[in-house]
Amino acid sequence: MEEFIITVVPTKNPAILKFETNHFITKNNNYEFKNIDEAKISPLAQQLFYLPFIKTVYISGNFIGLERYDIVEWDDVKDSVAQQLVDYLNAGEPVVKEDENQKKVAVTVYAEVTPNPSVMKFVTNKRIVPTTFEFKNIDEAKDSELAKQLFMLPFVKEVFFDVNYVSINKYDVAEWDDITLELREKIRDFIADGKEVVSAKSLQKQKTTAPEAQLEDANLDDISKQIIDILEEYVKPAVASDGGNILFKSYEGDTKTVNVILQGACSGCPSSTYTLKNGIETMLKNMMGDMVNEVVALNG
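Procedures and definitions
- Residue positions are given per chain, counted from 1 along the sequence in the order it is written.
- Residues qualify for local features only when their pLDDT is at least 70, as the model is predicted, and side-chain atom pairs are given and counted only at 80 or more; totals for whole chains, interfaces and linings, by contrast, use all residues.
- Side-chain metrics in this entry use all non-hydrogen atoms of the structure; hydrogen atoms and water are not considered.
- Put simply, a salt bridge is a Lys or Arg side-chain nitrogen that is within 4 Å of an Asp or Glu carboxyl oxygen.
- The numbering of helices and of strands both runs from the N terminus, where a helix is a DSSP run of H or I of at least 4 residues and a strand a run of E of at least 2.
- A 1.4 Å probe rolled over the protein chains alone gives each residue an accessible area, and that area as a share of the maximum for its type sets the label: buried under 20%, exposed over 50%, partly exposed in between.
- Multiplying one less than the number of residues by 1.5 Å gives the expected span of a helix.
- Across the chain, bend at a residue is computed as the angle between axes fitted to the seven residues ending at that point and the seven starting from it.
- Polar contacts, as used here, are pairs of N or O atoms within 3.5 Å; protein pairs need one atom able to donate a hydrogen and one able to accept it. Residues neighboring in sequence count only if both atoms are side-chain atoms.
- The contact criterion used is simple: two residues touch if any of their non-hydrogen atoms lie within 4.5 Å.
- Candidate patch residues must exceed 30% relative accessible area and have no salt bridge, after which like charges are joined if within 9 Å and Val, Leu, Ile, Met, Phe, Trp or Tyr side chains if within 5 Å.
- The Shrake-Rupley method, run with a 1.4 Å probe, gives the accessible areas here. Residue values count only the displayed protein chains as cover.
- When charges are counted, Lys and Arg are positive and Asp and Glu negative, with His and the chain ends excluded.
- By convention, the point assigned to a charge is CZ for Arg, NZ for Lys, CD for Glu and CG for Asp.
- One bridge is not enough; two strands pair if DSSP finds at least two bridges between them.
- Here, axes are lines fitted to C-alpha atoms. For helices the fit covers the stretch in contact, and angles between N-to-C directions go from 0 to 180 degrees.
- Stacked, edge-to-face and tilted are the three classes for Phe, Tyr and Trp ring pairs, Trp counted by its six-membered ring, which pair at centre distances within 6.5 Å; planes under 30 degrees apart are stacked, over 60 edge-to-face, the rest tilted.
- Lysine NZ or arginine CZ positioned within 6 Å of the ring centre and within 35 degrees of the ring normal marks a charge as sitting over the ring.

I'd like a rundown of the pattern of salt bridges, residues and numbers included.
For the structure on display, the rule yields 13 salt bridges. For D75, the salt bridge goes to K78, with nearest N and O atoms at 3.6 Å. On the criterion of helical spacing, the pair formed by D75 and K78 is a turn pair, its members being 3 residues apart in helix α2 (residues 74-90). For D75, a relative accessible area of 62% gives the class exposed. The shortest N-O distance in the salt bridge between E232 and K236 comes to 2.7 Å. Placement of the pair is E232 and K236 together in helix α7 (residues 222-241), with a separation of 4 residues, close to one helical turn. Judged by its relative accessible area of 29%, E232 falls in the partly exposed class. Overall, K236 belongs to the buried group, its relative accessible area being 13%.

In structure tokens, the structure reads:
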């Protein structure tokens, strides 16, 4: 059995902490329990409610979210709670007694066009990954069974996952009208079977390069961290709606150049240069003054 590791992640609500795990702990659903009676299907949640400061327990995918009462501060108890969760999970105890007879998960997937004519966005009604993943070829997809299956189709060029959607970049050999239904059904069937979209190994690797990890990097200067905050709050939601993503790569202080990486539908999109220069670059200049001179996409 693989060992569980817990990472404590703050949220915007000071009363709620996320305890992220390096393996998925539920397959089919998100759960919220307000008291011990509601938690009958979750032995873990019931155990947590024996802690007098626990108000609400959230369980989903690869994390446990806990809301506290005001009688304590998280700084005083978070380490002991994290250790309790580690001990429980590594003992192999059940997290949620999900219906083992439920072969299929209720999943809907719909296709959505993007500004990039080579990319289609397939949106699901379920959370499929906790963060973004990009695969340029089948070799890069060794830790994602769904991506590997998609690359088996000769017209799939690149695959990008975000929290609740899959963006697929196709080769010109096929038209969307001919392949959209096949792709939609393949994605839906995979998720409905309750399979992991990406492996725990890939999740752990991705966390080291996530924006949260960058902001905690002592080697990163304050200007870079300010740029990351702006990209996360103002830019990412917009590009995500178009099936893409933007990652901060570096800041060159001597030339005041911000280097970014475009992913998903943004990568190779005909309109990405316009968006980069007239949208993202203008925003950073307005918000950071003369600290930013230019924004450059290293892969665009």
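Picking up after the structure, the text goes on.
Report on α7, specifying residues and quantitative values.
Three- or four-residue spacings in an α-helix give side chains the same orientation, since the helix completes a turn every 3.6 residues. Between the first and last C-alpha of α7 there are 28 Å, a value that for 20 residues agrees with the 28 Å anticipated at 1.5 Å per step. Along α7, the largest kink reaches about 50° and is centred on V235; proline P237 follows within four residues of it. Where α7 begins, the side chain of D221 points an oxygen toward the backbone nitrogen of I223, at a separation of 3.0 Å. Positive phi appears at G243, one or two residues downstream of α7, with a value of about 85°.

Please provide a residue-by-residue account of helix α4 (residues 176-192), values included.
Between its first and last C-alpha, α4 extends 23 Å over 17 residues, near the 24 Å set by a 1.5 Å rise per residue. Those residues of α4 that fall on the buried side of the exposure criterion are W176, I179, T180, L183, I187, F190, I191 and A192. Contact partners of the buried residues in α4: β6 (109-113), β7 (119-124), α3 (145-151), β9 (156-162) and β10 (165-170). Positive backbone phi, at 75°, marks G194, one or two positions downstream of α4.

Break down a negative patch on the surface for me, citing the residues and quoting the values.
Residues D172, E175, D177 and D178 make up a contiguous surface patch of negative charge. Note on placement: E175 falls in the loop between β10 and α4.

Describe the side chain of N169, listing the residues and the values that go with them.
The residue N169 is located in strand β10 in this model. If we ignore the near neighbours within four places in the chain, the residues touching N169 are S118, V119, F155, V156, K157, E158 and S267.

Please give an account of the sheet that holds β10 that cites residues and values.
Spatially, the 5 strands line up as an open sheet ordered β6-β7-β10-β9-β8, and their pairing is antiparallel. A single partner strand is all that each edge strand has here, and the edge strands are β6 and β8 (133-135). Going from strand to strand, the sheet's axes swing by 20° on average, the running direction of each strand aside. Here β9 pairs with β10 via 6 bridges, running antiparallel. Counted as the bridge partner of V159 is I168 from β10. Lying over the sheet, α4 contacts β6, β7, β9 and β10, oriented at roughly 35° with respect to β7.

Any chance you could break down the packing of aromatic side chains for me, citing the residues and the numbers?
Scanning the model with the defined rule gives 5 aromatic pairs in all. On the numbers, 6.0 Å between centres and 65° between planes, the contact of F19 with W74 is edge-to-face. In this pair, F19 is assigned in strand β2 (residues 16-21) and W74 in helix α2, connecting sequence segments 55 residues apart. With respect to class, F19 is no different from W74; both count as buried. Members of the aromatic cluster, connected to one another through ring pairs, are F19, F53 and W74. For K18, the ring lying beneath its charged end belongs to F63, and the centroid distance is 4.5 Å. Above the face of the Y165 ring, K121 is positioned so that its terminal group lies 4.5 Å from the ring centre.

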